[in-house]
Amino acid sequence: MRNLIDILDLTCEELDELIALAEDIIKDPKKYAHAADGKILSALFFEPSTRTRLSFESAMHSLGGNVLSVTGAGSSSTAKGESIADTAKTVSLYSDIIAMRHPLEGSAFVAGNNATVPVINAGDGGHCHPTQTLADLLTISREKGRFDNLTVGFCGDLKYGRTVHSLISALSRYSGVKFVLISPAELAIPKYVRYEILEKSSASFFETTSLEEVIPTLDVLYMTRIQRERFFDEAEYERLKDSYVLTVEKLENAKKDLSILHPLPRVNEISVKIDSDPRACYFKQVENGKYMRMALILKLLQDAENDKTKKDEFAGKKLVVNKFRCDNPRCISSTEQELEHVFKPVDEEKQIYRCFYCEAKAKNN
Ligand code: CP
């Protein structure tokens with residue numbers, strides 16, 4: 001039985017299989033109308049969502065399955081202090097598969113390691129959002145026909161934008177990809193993405209603050225919202241919130257076959273005048289997200305049928321337990337009862353360890 005916590009849990013071959021399955025669902029949805037008859041998806045959303053929650057629900061209904069939903073942090077016993085581990089164990093008794101969104105980084109991993117059914121990470125704080133990446137990949141596949149040799153610009157909040165982290169992870173495995181990272185210095189890509197993903201891949205990357213300078217070079221432009229809910233300082237958000245607004249004028253110098261993506265929701269970072277431009281793909285992404293989630297649900301339910309044993313995600317990994325403490329206040333280890341502080345070595349020579357849940361670097365090592 002498998003979870004999807006990080007997009008790297010899926011091989012490139014498995015991504016190809018999911019895309020092929022989603023394409024077949026698009027072609028012949030009736031063929032899949034009873035594929036999950038009698039199965040129950042629990043959608044646990046402890047943070048706001050429109051697309052991810054409703055597309056999971058719509059996906060499960062379109063497969064003939066049923067849905068149980070928790071919406072909002074106040075509507076379940078987590079509001080009384082119940083741990084994610086206990087919640088996952090409990091919800092496993094009512095459902096065949098769980099999709100969970102939670103504000104703390106690493107929360108989906110903890111849910112997955114305690115549930116007895118497959119768990120899908122529907123967004124864990126500012127960390128990862130692998131099912132948005134599935135939607136993004138199907139969109140890029142349909143628009144460009146390939147993932148390699150693309151120049152992909154990411155613009156906006158690259159620090160807290162979990163969809164950015166997951167899509168960079170996914171694309172970094174393809175050859176000839178060039179990443180152009182466009183953000184204010186305060187919202188630059190997190191260090192773990194830079195050092196553990198970009199620098200360890202064959203991809204090239206370039207950082208800039210100017211969208212105008214680089215827009216002519218891009219094949220894909222991935223715009224993002226400044227993530228107000230992740231800021232500790234409202235004044236800092238106000239200062240940065242209008243850093244980038246894509247307008248019709250700015251697009252004049254872009255390639256004619258540019259694909260403009262955005263995970264949505266949009267605030268003001270793409271002018272609505274661009275929505276009618278054939279290069280705008282963000283509402284296609286929304287639709288593609290449903291089909292990829294249908295494909296993913298089918299894959300994980302099938303894997304669970306074939307192998308009912310739950311993998312211990314720590315097993316066989318070189319880990320350091322309780323030697324350091326994670327000082328990221330957004331990490332699940334800051335709140336979860338009796339959760340061990342687990343770190344993984346990422347550079348043994350330099351003695352660099354990162355938190356297993358949130359990727360924060362261990363201090364004092
Ligand atoms: N892209 C995305 O995650 O949207 P929602 O927050 O509406 O689910």
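About the thresholds
- Residues numbered from 1 in each chain as written.
- Predicted model: local features only at pLDDT ≥ 70, side-chain atom pairs only at ≥ 80, totals over all residues.
- Heavy atoms only, no water.
- 1 Å grid on protein atoms, 1.4 Å probe; cavity = no way out; pocket = protein on both sides within 12 Å on 5 of 7 lines; lining within 4 Å.
- Points joined across faces, edges and corners; volume = space filled by probe spheres on them.
- Nonpolar A, V, L, I, M, F, W, Y, C, P; charged D, E, K, R; others polar.
- Helix = DSSP H or I, 4+ residues; strand = E, 2+ residues; numbered from the N terminus.
- Buried < 20%, exposed > 50% of the residue type's maximum accessible area, 1.4 Å probe, protein only.
- Lys, Arg positive; Asp, Glu negative; His and termini not counted.
- Salt bridge = Lys/Arg side-chain N within 4 Å of Asp/Glu carboxyl O.
- Polar contact = N/O pair within 3.5 Å; in protein donor to acceptor, adjacent residues only side chain to side chain.
- Contact = heavy atoms within 4.5 Å.
- Near = heavy atom within 4 Å.
- Areas by Shrake-Rupley, 256 points an atom, 1.4 Å probe, with all protein chains shown as cover.

(A) Spotlight on empty space enclosed by the protein. Within this structure, the stated rule accounts for 2 cavities of 30 Å³ or more. Of the volumes computed, that of the largest cavity is approximately 50 Å³. Lining the largest cavity are Arg51, Gln132, Ala135, Pro263, Gln285, Val286, Gly289 and Arg293. Here the lining of the largest cavity is built from residues that sort into 3 nonpolar, 3 polar and 2 charged. In this structure, the second largest cavity encloses a volume near 40 Å³. Around the second largest cavity, the lining residues are Cys155, Gly156, Met223, Thr224, Ile226, Lys241, Ser243, Tyr244, Asn268 and Glu269.

(B) Local environment of the side chain of Arg330. Position of Arg330 relative to the elements: it lies in the loop between β10 (320–321) and β11 (342–347). Within the buried set, Arg330 has no salt-bridge partner at all; the shortest N-O distance to an opposite charge, 4.9 Å, is to Glu105. Separated by 2.3 Å, the side chain of Arg330 and the backbone oxygen of Arg230 make a polar contact. Excluding residues within four positions of it along the chain, Arg330 makes contact with Leu104, Glu105, Tyr160, Arg230, Phe231 and Phe232.

(C) Main features of the environment of Asp277. In this structure, Asp277 sits in the loop between β9 (259–261) and α10 (282–306). The exposure class assigned to Asp277 is buried, which follows from its relative accessible area of 19%. For the pair Asp277 and Val248, spaced 29 residues apart in sequence, the C-alpha to C-alpha distance is 9.0 Å.

(D) Up close: the side chain of Glu313. Residue placement: Glu313 occurs in the loop between α10 and β10. The class of Glu313 is buried, set by a relative accessible area of 16%. What Glu313 contacts, discounting residues up to four positions off in sequence, is Asn3, Phe109, Asn113 and Phe356.

(E) Seen up close, the site of the ligand. Taken together, the neighbourhood of the ligand is formed by Ser49, Thr50, Arg51, Thr52, Arg101, His129, Gln132, Pro263 and Leu264. Interatomic distance of 3.0 Å between a backbone N/O atom of Arg51 and an oxygen atom of the ligand. Take Gln132: an N or O atom from its side chain is 3.0 Å from a nitrogen atom of the ligand. Its free accessible area being 260 Å², the ligand has 92% of it covered by the protein chains. Split into classes, the residues belonging to the shell around the ligand amount to 2 nonpolar, 5 polar and 2 charged.

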